[in-house]
Amino acid sequence: MTLQSMTGFARADGARGGVRFHWELRSVNGRGLDIRLRLPPGYDGLEAAVREAISKRLARGNVTATLVVDQAAEAGAIRINEQALAVVLAAVDRLVQSGTFERPRPEGVLGLRGVIEVGSGPADDSEGQAFAKETSTVLTVAIEGLVAARKLEGARLSVILNDAIDRIDNLVQAIAASPARRPEAVALRLGELVTRIVETGVQLDKDRLHQEAILVATRADVEEEIKRLGSHITAARELLASSAPAGRRLDFLSQELNREANTICSKSNDTEMTRLGLELKAVIDQVREQVQNIE
């Protein structure tokens, strides 16, 4: 079975240039695919690639991707943020030229926040590119681990859902075979109803009474509901065996199953059929709850 849950966790470890790191991926239920990233300072440049990699493998779920870098291993990785320094020096030059500001000492400029970076990523562009490539490789391992975890949970859900669909099928068959649906049973109930009305002394037109009896019998018939339930059961089984994400369609089908079960309960004028209809609704509710976890 290829059914995939939206719930899972995976971790993958890596290292580059003496810096150790690991990715943690967590996934829970979601209406669509919502990716949230937690990256340490200096690694924001990885965001686009991370989102793209996850989007290629997952269709739905709230996914949190966390990159944890061993800061102790990064100790001593001190560098100057050239871009920030250039902005500061340009501002200093303007103030000095205005004559209202004396040129600051170098340690004063370097002490400004953001000019000196400590342990905030690879020290140069080439090393940064190599580090980014290594994190991407390790991220792929983590994503595959998350997919495997979601498939494992999906296999468990598949067993539960297939069992529930079988129970629904059995209940529908029991309703279809209910003695209360036999013409003679329907005629007997209508006869009892007519007898009670006649006993009140109300004068009834026989032809009109016959038409009303036919109308009541037609409204009480659940043949169409049974046929539609059978069609929905077949569709649900096909989706459970499909390789494509099926969560949304299974959710829709469970709503349709519930609608037909409600109609059967509303039409029922037999205690046993009502009991079967209520049990059917209970099992369908279990299906609706479980499919919320399916991708």
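Since this is a predicted model, take the numbers as computed values, not measurements.

Enquirer: Looking at this structure, I do not really get the overall build of the chain. What am I missing?
Expert: For the chain, the count of helices and strands is ten helices and six strands. Put simply, of all contacts in the chain between residues at least 6 apart along the chain, 79% involve residues at least 24 apart. Total accessible area computed for the chain in this model is approximately 17100 Å², and 54% of it derives from carbon and sulfur atoms.

Enquirer: Sorry, what's going on with the packing of aromatic side chains here?
Expert: The geometry of an aromatic ring pair is captured by two quantities: the separation of the ring centres and the angle between the planes. Applying the stated rule across the entire model yields two aromatic pairs. With 5.3 Å between their ring centres and 55° between their planes, F21 and F131 make a pair best called tilted. With F21 in strand 2 (residues 19-28) and F131 in helix 5 (residues 125-176), the pair connects residues that are 110 residues apart, well separated along the chain. For the ring pair Y43 and F131, a centre distance of 5.6 Å and an interplane angle of 50° mean the geometry is tilted.

Enquirer: Honestly, the pairing of strand 4 (residues 61-69) in this entry has me stumped. Any pointers?
Expert: A large share of strand 4 lies buried, amounting to seven of its nine residues. Inspection of the sheet shows strand 2 paired to strand 4 by eight bridges, in the antiparallel sense. When the bridges of strand 4 are listed, H22 appears paired with V68. As defined by bridge partners, strand 3 (residues 33-38) adjoins strand 4 across six bridges and the pair is classed as parallel. Looking at strand 4, one finds that R36 is bridged to T64. For the crossover from strand 3 across helix 1 (residues 47-57) to strand 4, the handedness is left-handed.

Enquirer: Sorry if this is basic, but what is going on with the nonpolar core here?
Expert: Note that soluble globular proteins tend to have their nonpolar side chains buried in a common cluster. Within the largest apolar cluster, 31 residues are counted, with the highest numbers of intra-cluster contacts made by L161, I168, V172, I175, L250 and L280. For this core, the secondary-structure elements that each account for two or more residues are helix 5, helix 8 (223-240), helix 9 (247-267) and helix 10 (271-291). Here this core takes eight residues from helix 5, the largest share from any one element. Residues A10, L139, I143 and L146 belong to the second largest nonpolar core, which totals 25 residues.

Enquirer: Any chance you could explain the sheet that holds strand 4 here in plain terms?
Expert: Hydrogen bonding along the main chain pairs the strands of a sheet, whether they run parallel or antiparallel. One open sheet accounts for four strands, arranged 1-2-4-3; its pairing is mixed. Edge positions in the sheet fall to strand 1 (8-16) and strand 3, since each has one partner strand and no second. Looking at each pair of strands side by side, their axes are set apart by 15° on average, direction ignored. Strand direction decides the pairing type here: strand 1 and strand 2, joined by nine bridges, are antiparallel. Considered in strand 2, the bridge of F9 is made with R26. Across the sheet, helix 1 touches strand 2, strand 3 and strand 4, and the angle it forms with strand 3 is around 145°.

Scoring rules and cut-offs
- Residues numbered from 1 in each chain as written.
- Predicted model: local features only at pLDDT ≥ 70, side-chain atom pairs only at ≥ 80, totals over all residues.
- Heavy atoms only, no water.
- Helix = DSSP H or I, 4+ residues; strand = E, 2+ residues; numbered from the N terminus.
- Contact = heavy atoms within 4.5 Å.
- Areas by Shrake-Rupley, 256 points an atom, 1.4 Å probe, with all protein chains shown as cover.
- Phe/Tyr/Trp six-rings, centres within 6.5 Å; stacked < 30°, edge-to-face > 60°.
- Buried < 20%, exposed > 50% of the residue type's maximum accessible area, 1.4 Å probe, protein only.
- Pairing = 2+ DSSP bridges.
- Right-handed = clockwise from strand over helix to strand, strands pointing away.
- Core = buried A, V, L, I, M, F, W, Y, C linked by side-chain atoms within 4.5 Å.
- Axes fitted to C-alpha atoms, helices over the stretch in contact; angles between N-to-C directions.

Don't take any of this as a statement about function, it's just geometry.
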